[in-house]
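# An overview of the molecular structure
Residues per chain, in single letters:
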Amino acid sequence: MLRNGIKSTFRFSGCLRSPALATISPRATPRWKTYSTNAGPSAVPTPSKPYYVTTPIFYVNSVPHIGHLFSGVLADVLARYARLKDPNREVHFCTGTDEHGLKIQRAAEAKGVQPKPFCDGISTTFEDLAKAAGLSHTRFIRTTEPVHYKAVEHLWRELLARGWIYKGSHSGWYSVSDEAFYAPNQVIEVEIDGEMVKVAKESGSRVEWMEEENYKFRLSAFREKLTEWLESNPCCKSTSPSYFNDLPTDIPLAIVPLDRWKEVHTLVADHEINDKGEKIYTHPLEDLSISRPSSRLSWGIPVPDDPEHTIYVWIDALTNYITALGYPWSGSGGKQAAWPADVQVIGVDIVRFHAIYWPAMLFALGLEPPKTLLTHGHWTMDNFKMSKSRGNVADPFKAIEKYGADAVRYYLMRNAPLVTKSDWSDAQVKKHYQRDLLSMIGNLCNRINSEKLVAKLPETYRYRLSGSTLTLENMGEVQPNEVNAPVREMLFETLSQFESKMDTLEVNKAVTLVSELVERANAFFAQAAPWSESDPVRVAEAHLYAHQALHLSGILLHPVMPTKSSELLDRLGIQPDQRTWTYAQRVFGSERSNGRGLETPWIEVCTRPGNDRPTTPLFARLS
């Protein structure tokens, strides 16, 4: 990408539209550092491998809700951002459905149907939602696919051959809802509907006591390896806490946000030193039960060579991320080059499975762990937990039908901090639609394209910035003043700030920057009042800053609102080669700033797009 030293005049044309424990020694050089970036936890860390982003695969015990949509859109924005920054880089984006387990088995029984037809119906609904939301996934995977069965069977045999699986007995509190066993100290007794019941502290789900023979995975052998992984990827420059000052700060964050990293690090590595100098760990990391008797769980993948047992649903589910890349692999090349995943988007309720079980499985297989686990909180509706009994489960299909896919995507990305819970409020969605999209972006586009304004301007004009002087070719020069300085400054700072936030996976902050740019451009345009100006320089100046702010916004918001951003750029008469990240760097890159001010090439602005004037607004008024 060209960033500095552009000497030639830039002008665009036209105005149209076991191998043993020794193999995982914590003192060994970690293989996963091969692709470390020097810019913090990055959505696009390096061009040396294909980019790979995943959503969790969604459990088909019920229809999709807004939280499922959020996970999908967040991953899609990262995939589209990767393509925007480097169109030549291969991008893989996987989503899909998790269709095995006792919960599915019981839900199908309650409906009086077989599990597979039950899964088919709900999985189709998730796939329909992905299409309705405009997700650009390259793979929609289902764990009931024959190719996935083969991948899980191969993974099991590999773990067994390497000595990581053994047969034993297990007893403990089991949650059907969570598909997980809990230790006694992870269970509490609470009153529900006048009855005292046992529930898991972590999720609040009911648990029941189970004793059974099953297979186990030697999870306890990987505590040091997990600790090394976490501590080799602890923080980024923008969020580094003081107690990490002695560690490198230019490497990827294993778990984002930092609060989630701390929680997992505490579970894995928190310890005291006894009188003998031995580490006494605070939290147990016991071997993991990875099968269920088929007499209790028949709906799943049978343990190879032992049909009396069914593979634990989480071993089955987690394998999907490599099934999607053609696992089992032989040789090199092909889709496997995309592993490890650059970003895996997950909800807070499944952090333990992805941040402890999944990396340990990969270490046992001799594979690299994912670069970054991007975790997000639960979604509420009108600040209440979504509940079918309360009747406040937000329907993503109805939201898309009412506001349009891009408007819903914008709201989800604009208003979703990762650390805290996020709230879906119809009133807030409407507020952001009317303020940010209709009044700010849509209205400003309409105003600069108005016949009255463009009649005062030539069909095209050129400008350049040199130092503090804005030169409008064949018209005159404009110096900074208290009216134009704020929008000029923001116009040439937003790109680098946006890139910084996206590369540290702070998507909501990146979107907010664009919103603030458009708001500043609107304020400037209103103050400049070009409709009442007779001086062509003042008219062109007002048009220029508003036009360029919308141009840059259309490029940056493309990963968030792909359809509406393209339509906006169409209405501005922006050519395809003027919609790229490279173009944005050439024109708006703040690295051009130097001791004398900004330096840009000559840039041509179109005032009369060569397409038919739209008869409908960019964003329609809500009924």
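Residues numbered from 1 in each chain as written. Predicted model: local features only at pLDDT ≥ 70, side-chain atom pairs only at ≥ 80, totals over all residues. Heavy atoms only, no water.

Bringing the packing of helix H2 (residues 102-111) against helix H3 (residues 115-132) into the picture now. Running from N to C, H2 and H3 point in directions that differ by 95°, and their axes come no closer than 9 Å. Looking at the two axes, H2 sits roughly perpendicular to H3. Across the interface between the two elements, Ile104, Ala107, Ala108 and Lys111 from H2 touch Pro115, Phe118 and Cys119 from H3. When its residues are assigned to classes, the contact of H2 with H3 shows 6 nonpolar, no polar and 1 charged. (Axes fitted to C-alpha atoms, helices over the stretch in contact; angles between N-to-C directions. Helix = DSSP H or I, 4+ residues; strand = E, 2+ residues; numbered from the N terminus. Parallel < 35°, antiparallel > 145°, perpendicular 65-115°, else oblique. Contact = heavy atoms within 4.5 Å. Nonpolar A, V, L, I, M, F, W, Y, C, P; charged D, E, K, R; others polar.)

Below, the discussion takes up the confidence of the model for the chain. Mean pLDDT over the chain works out to 85, with 86% of the residues at or above the 70 mark. With pLDDT under 50 throughout, residues 1-41 is counted as low confidence; its partners more than four residues away or in other chains account for 111 contacts. Predicted confidence is poor over residues 235-251, with pLDDT under 50, and the contacts of this stretch with residues over four places away or in other chains come to 34 contacts. (pLDDT = per-residue confidence, 0-100.)

A few words now on the sheet that holds strand E15 (residues 302-303). Spatially, 3 strands are ordered E14-E16-E15 in an open sheet, and the strand pairing comes out antiparallel. Two strands bound the open sheet, and with one partner strand each, they are strand E14 (291-293) and E15. (Pairing = 2+ DSSP bridges.)

Of all hydrophobic cores here, the largest spans 168 residues; its most connected members are Phe217, Trp339, Leu412, Met413, Trp424 and Ile441. Sequence-distant contacts of tryptophan 339, defined by excluding residues within four places in its chain, comprise Lys49, Tyr52, Tyr321, Ile322, Leu325, Trp329, Gln344, Trp358, Leu362, Leu367, Glu368 and Pro370. Core analysis: the second largest hydrophobic core is formed by 12 residues, Ile104, Cys119, Phe140 and Trp299 among them. (Core = buried A, V, L, I, M, F, W, Y, C linked by side-chain atoms within 4.5 Å. Buried < 20%, exposed > 50% of the residue type's maximum accessible area, 1.4 Å probe, protein only.)

This part takes up the packing of helix H17 (residues 536-556) against helix H19 (residues 581-588). Two elements in contact, H17 and H19, have axes whose closest approach is 10 Å; the angle formed by their N-to-C orientations is 145°. The chirality of how H17 crosses H19 is left-handed. From H17, Gln548, His551, Leu552, Ile555 and Leu556 reach across to H19, where they touch Trp581, Tyr583, Ala584, Val587 and Phe588. A per-class count over the contact of H17 with H19 returns 8 nonpolar, 2 polar and no charged. (Left-handed = near helix turned anticlockwise from the far one by under 90°.)

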